[in-house]
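Here are the chains, one letter per residue:
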Amino acid sequence: MHDIIFLIYFKLILYIEHDMKIKTRFAPSPTGCLHLGSVRTALYSWLFARRYNGKFILRVEDTDLVRSKSISEKSILDGLKWLGLYWDEGPYFQTHRLKRYKEMIEIMLQKDIAYKCCCTNQELIKERNIQMLKGEKPRYNRKCRNIEKHVTFHKPYVVRFKNPLFGQVKFNDQVRGEIVFNNAELDDLIIQRSNGMPTYNFCVVIDDLDMQITHVIRGEDHINNTPRQINIFRSLGKQEPIYAHLSMILNEKGKKISKRYDAIDIIEYNKQGFLPDAILNYIIRLGWSCGDKEIFNISEMQKLFNLDAISKSSCIINMKKLLWLNKYYINHLPLVYISNAFQDFAKQKNFNIENGPNIESLIKLLKNRYHTFQELIDSCRYFYEDFKTFDIEGSKKYLIVSNIYILHACHVNFKKLSVWCSHVIFRTIVDISEKLKISIKEINMILRISLTGGMHSPNISSVVFLLGKSKTVLRLQRAINYINSCTK
């Protein structure tokens, strides 16, 4: 094990000492949304490149024409931009590189490291069934492997890679250590379909080769692809990148996230009022740690991130933790930053915040109470919009005939105030309490239901202050009118 670790670090030192630029890539396929799992791959790749002053490449692997969607491409680009994971090169699209792939396939055919295969689907299915009946692992029987390469085919064919028949493929994974595959277990994989389109495993190799990718950080579901890709690299006389395969991220039920079915688009977190700072902090801890440290800003992430601290164990999404982190950032990032972010969110939600209190004052009052901007907006609508109804239980308990004189007293005293500030408002409520011999708590609840429509709010003096004199007086009169209408 020590030899493996030494080899990994030796390779890394070689890259740095010989000024060989470290290059990582994020290479999603646009067959689904950009979710937490794929963002983690992008983040780790981005951080590794940033730590070593390297480059981060964005490549869209869109050769699956049946499942690739432009809406997924937009999700990928918008999501990365929102999180601030900007790329140094790209985005490259594989469908724009078809000519290059075709050139390389021709070279491989000429070098006799690939061959044309005209076996039909029916023949392949028949052979597979026979192998399974014998208890053998189904694989292509290499029937066309030794056909003379100059033979002209007059029917559809695929192109297969001539995988080595003997020996092993060994590679030192930076997360999992040494991984070994026997070549006898690997198939002669198809690198070009009968319609002329190249396949994933082939395109990945050519792209990584052309783009000089030094480190490939990706999910463990790609481990079985790695020996196939390494063999293609070596058949071309090229050195493969260093690999690091990340464990799966599981949903809250402990099941693997399906990119196409149950994964949440990262942009949805934006729409729910999460901050990119919280999302990135949460994601980096899904499989990576730095002692007991929980909170990381982006500078700390770039300084501290390393591959050897990545866990081999799967991670389970914990929404409570993400909500806690988002609340932490709402409370600890600069007030100006949070206020601007909230204004952007309100605009995105078509929530008009012009006719209301100062945003920084509002954020200062409410930020300790809520986890997301959406929760914050839902809680503060009464500052900007007139509510249509009062809380049923609250109105039954507080908006009653026996309390109407308290509302009149508040209405008169607030209307006379020449200085409008929280302290003066508080003293006014205290004076009313002493004069009417009613508890401050009781008065506050009557004011709360009258001014906000609900039973819960921050301290009522601050609410009255931010609501403003005009709205306060009008809503108190409205509450009085409501009680009067209920007695008729």
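Notes on the structure in this doc start here. Please read all numbers here as calculations on a predicted model, not as lab measurements.

## A closer look at helix α9 (residues 276-284)
Counting buried residues in α9 gives 8 out of 9 residues, a clear majority hidden from the surface. Considered for burial, the residues of α9 that qualify are Pro276, Ala278, Ile279, Leu280, Asn281, Tyr282, Ile283 and Ile284.

## Some points on the environment of Phe390
By secondary structure assignment, the location of Phe390 is in the loop between α14 (373-380) and α15 (392-398). Residue Phe390 is classed as buried on the basis of its relative accessible area, which comes to 10%. It is 7.6 Å that separates the C-alpha atoms of Phe390 and Ser450, two residues lying 60 residues apart in sequence. Look past the residues within four positions of Phe390 in its chain and what remains in contact with it is Ser395, Leu399, Ile449, Ser450, Gly453, Arg478, Ala479 and Tyr482.

## So, the sheet that holds strand β8 (residues 190-192)
Strands sit in the order β4-β5-β8 across an open sheet of 3 strands; the sheet is antiparallel. This sheet does not close on itself; its edge strands, each paired only once, are β4 (114-117) and β8. The sheet shows a mean angle of 45° between the axes of neighbouring strands, taken without regard to direction. Of the pairings in the sheet, the one linking strand β5 (residues 158-161) to β8 comprises 2 bridges and is antiparallel in character. Pairing of Val159 across the sheet is with Gln192, part of β8.

## Quick word on helix α5 (residues 121-133)
The end-to-end C-alpha distance of α5 is 18 Å, a good match for the 18 Å that 13 residues give at a rise of 1.5 Å each. Two residues or fewer after α5 comes Gly135, characterised by a positive phi angle close to 80°.

## A short note on unusual backbone geometry
Here the residue pair Gly90 and Pro91 is connected by a cis peptide bond, since its omega of 0° sits within 30 degrees of zero. For Pro91, the position within the fold is in strand β3 (residues 89-93). Positioned with a positive phi, Arg142 is a non-glycine residue whose angle comes to about 65°. Here Arg142 lies in the loop between α5 and β5.

Definitions and limits used
- Residues numbered from 1 in each chain as written.
- Predicted model: local features only at pLDDT ≥ 70, side-chain atom pairs only at ≥ 80, totals over all residues.
- Heavy atoms only, no water.
- Buried < 20%, exposed > 50% of the residue type's maximum accessible area, 1.4 Å probe, protein only.
- Helix = DSSP H or I, 4+ residues; strand = E, 2+ residues; numbered from the N terminus.
- Contact = heavy atoms within 4.5 Å.
- Pairing = 2+ DSSP bridges.
- Axes fitted to C-alpha atoms, helices over the stretch in contact; angles between N-to-C directions.
- Expected span 1.5 Å × (residues − 1).

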